[in-house]
Amino acid sequence: LSISLVNELNYEDFIGRFGNVVEHCSICAAAVWRNRPFRDVHHLHQEICSFMDLLPDTGKEGVLRLHPDLAGKLAELGSLTQESTAEQKAAGLDTMSPDEKQLLRETNIKYREKFGFPFVICARQNKKEAILKGIVERLEHSAAEELNIGIEEVKKICLLRLLGIVIDDKSHM
Ligand SMILES: NC(=O)NC1=NC(=O)NC1=O
C-alpha cells in the first residue's frame, strides 16, 4: 500500500488495515486518523508513538497487558493473532527446548507478578536467546523503567507491522 493510498482510505478501511499494528489496541489507529494525510510510513508511526507516549501510566500498562505472553498459553493453543504468531515464530520461540520453555514461562510469571503487566519485547528483533536473556535482566528493573522499556518495544513491533502494510516510499527524499 502506498502512503497516498493510505491517505485515501475511509475510516473503516483505515481501521481494518491498521487496527492491530499495536496488538489489540485499535484505539491507536483510531486516534491518529485525524492526523492524515501522512507524509510517509514513519510519519504515521510517529503519530502512533506520540499517542502512546501521551497515555497516562495506567494507559501504558493497559497497552502492555493486551500483549500475549511469548510462548505462553495462547501460543500453545495456537490462538495468537496472525501478527503475533508470525513474530513469535520468527524469534524461533516454537523451537525452544522444554527447559527453555519452562524458564520462559516461570520468568514470565515472576515478571507479571512483580510489575502487574507482561514482559513485552520485539520478537522480530530478538532471537530466543536474546529474549531469554532479556527477560531475566529486565526482571531486575523498576516498574517505572519496565513500563517505558515495554512501550519502546511496542513501538518497534508497531513499526515492523506498519512496514508490512505500507511501502516505505523513499522517492520523496
Ligand atoms: N509479550 C510479547 O513480547 N509479545 C510479542 N512480542 C512480539 O513481537 N510479538 C508478540 O506477540
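The structure under discussion appears in the preceding block.
Residues numbered from 1 in each chain as written. Predicted model: local features only at pLDDT ≥ 70, side-chain atom pairs only at ≥ 80, totals over all residues. Heavy atoms only, no water.

Q: What is the right way to look at the overall build of the chain in this model?
A: Within the chain, the regular secondary structure consists of 10 helices and zero strands. Moving toward the C terminus, one meets the helices and strands of the chain in the order α-α-α-α-α-α-α-α-α-α. In terms of overall size, the chain behaves like a compact globule, its C-alpha atoms giving a radius of gyration of 17 Å where 173 residues would be expected to give roughly 16 Å. In terms of its C-alpha atoms, the chain occupies a principal-axis envelope of roughly 50 × 35 × 30 Å. (Helix = DSSP H or I, 4+ residues; strand = E, 2+ residues; numbered from the N terminus. Rg over C-alpha atoms; globule rule 2.2 N^0.38 Å.)

Q: Looking at this structure, how should I read the side chain of glutamate 23?
A: Structurally, glutamate 23 can be placed in the loop between α2 (11-18) and α3 (26-32). In this structure glutamate 23 comes out as buried when scored by relative accessible area, which is 2%. At 2.8 Å, the side chain of glutamate 23 and the side chain of arginine 161 are in polar contact. Filtering out sequence-adjacent residues up to four positions away, glutamate 23 remains in contact with Leu66, His67, Pro68, Thr81, Ser84 and Arg161. (Buried < 20%, exposed > 50% of the residue type's maximum accessible area, 1.4 Å probe, protein only. Polar contact = N/O pair within 3.5 Å; in protein donor to acceptor, adjacent residues only side chain to side chain. Contact = heavy atoms within 4.5 Å.)

Q: In this structure, what is going on with the packing of aromatic side chains? I would like to understand it.
A: Here a ring pair, both rings aromatic, is described through the centre-centre distance and the interplanar angle of the planes. Applying the stated criterion to the full structure yields eight aromatic pairs. Considering the side-chain rings of phenylalanine 14 and phenylalanine 18, the 4.9 Å spacing of their centres and the 45° angle between planes classify their relative orientation as tilted. With a gap of four residues between them, phenylalanine 14 and phenylalanine 18 both fall in helix α2, about one helical turn apart. With respect to burial, phenylalanine 14 and phenylalanine 18 carry one shared label: buried. Here phenylalanine 14 and tryptophan 33 contribute two aromatic rings whose centre-to-centre distance is 5.3 Å and whose plane-to-plane angle is 55°, an arrangement assigned as tilted. Remark: tryptophan 33 occurs in the loop between α3 and α4 (41-53) and phenylalanine 14 occurs in helix α2; sequence separation between them is 19 residues. Tryptophan 33 gets classed as buried once you look at its relative accessible area, which sits at 17%. Each residue in the set Tyr11, Phe14, Phe18, Trp33 and Phe38 is aromatic and connected to the rest through ring pairs, giving one cluster. (Phe/Tyr/Trp six-rings, centres within 6.5 Å; stacked < 30°, edge-to-face > 60°.)

Q: What's the story with unusual backbone geometry in this structure? I'm lost.
A: Glycine aside, residues mostly have negative phi, and peptide bonds are mostly found in the trans state. The peptide bond linking arginine 36 to proline 37 adopts the cis configuration, its omega dihedral lying at 5°. The topology assignment puts proline 37 in the loop between α3 and α4. For histidine 24, which is not a glycine, the phi torsion comes out positive at approximately 60°. Here histidine 24 shows up in the loop between α2 and α3.

Q: Looking at this model, I keep getting lost on the site of the ligand. Mind explaining?
A: Around the ligand sit Pro68, Leu70, Ser84, Glu87, Gln88, Phe119, Val120, Ile121, Cys122, Ala123 and Ile157, and that is every residue in its neighbourhood. The side chain of glutamate 87 places a nitrogen or oxygen atom 2.8 Å from a nitrogen atom of the ligand. For the ligand, the accessible surface in isolation is 290 Å², of which the surrounding protein chains cover 99%. (Near = heavy atom within 4 Å. Areas by Shrake-Rupley, 256 points an atom, 1.4 Å probe, with all protein chains shown as cover.)

Q: Can you walk me through the nonpolar core in this structure?
A: The nonpolar side chains of soluble globular proteins are, as a tendency, buried together. By size, the foremost hydrophobic cluster in this structure holds 46 residues, and its most contacted members are Phe14, Phe18, Val22, Ile48, Leu104 and Ile131. Those elements that provide at least two residues to this core are α1 (3-8), α2, α3, α4, α5 (57-65), α8 (98-115), α9 (128-138) and α10 (143-163). Element by element, the count of residues in this core is highest for α10, at six residues. Setting aside residues up to four positions removed in sequence, isoleucine 48 forms contacts with Val21, Val22, Cys28, Val32, Cys158 and Leu162. (Core = buried A, V, L, I, M, F, W, Y, C linked by side-chain atoms within 4.5 Å.)

Q: Which parts of the structure should I look at to understand α4?
A: Within an α-helix, residues lying three or four positions from one another point in the same direction, as the helix has 3.6 residues per turn. In a regular helix each residue adds 1.5 Å, so 13 residues correspond to 18 Å; α4 covers 18 Å between its end C-alpha atoms and thus fits that length. Residues of α4 that are buried: Val41, His43, Leu44, His45, Ile48, Cys49 and Met52. Turning to α4, the residues buried within the fold contact α1, α2, α3, α5 and α10. (Expected span 1.5 Å × (residues − 1).)

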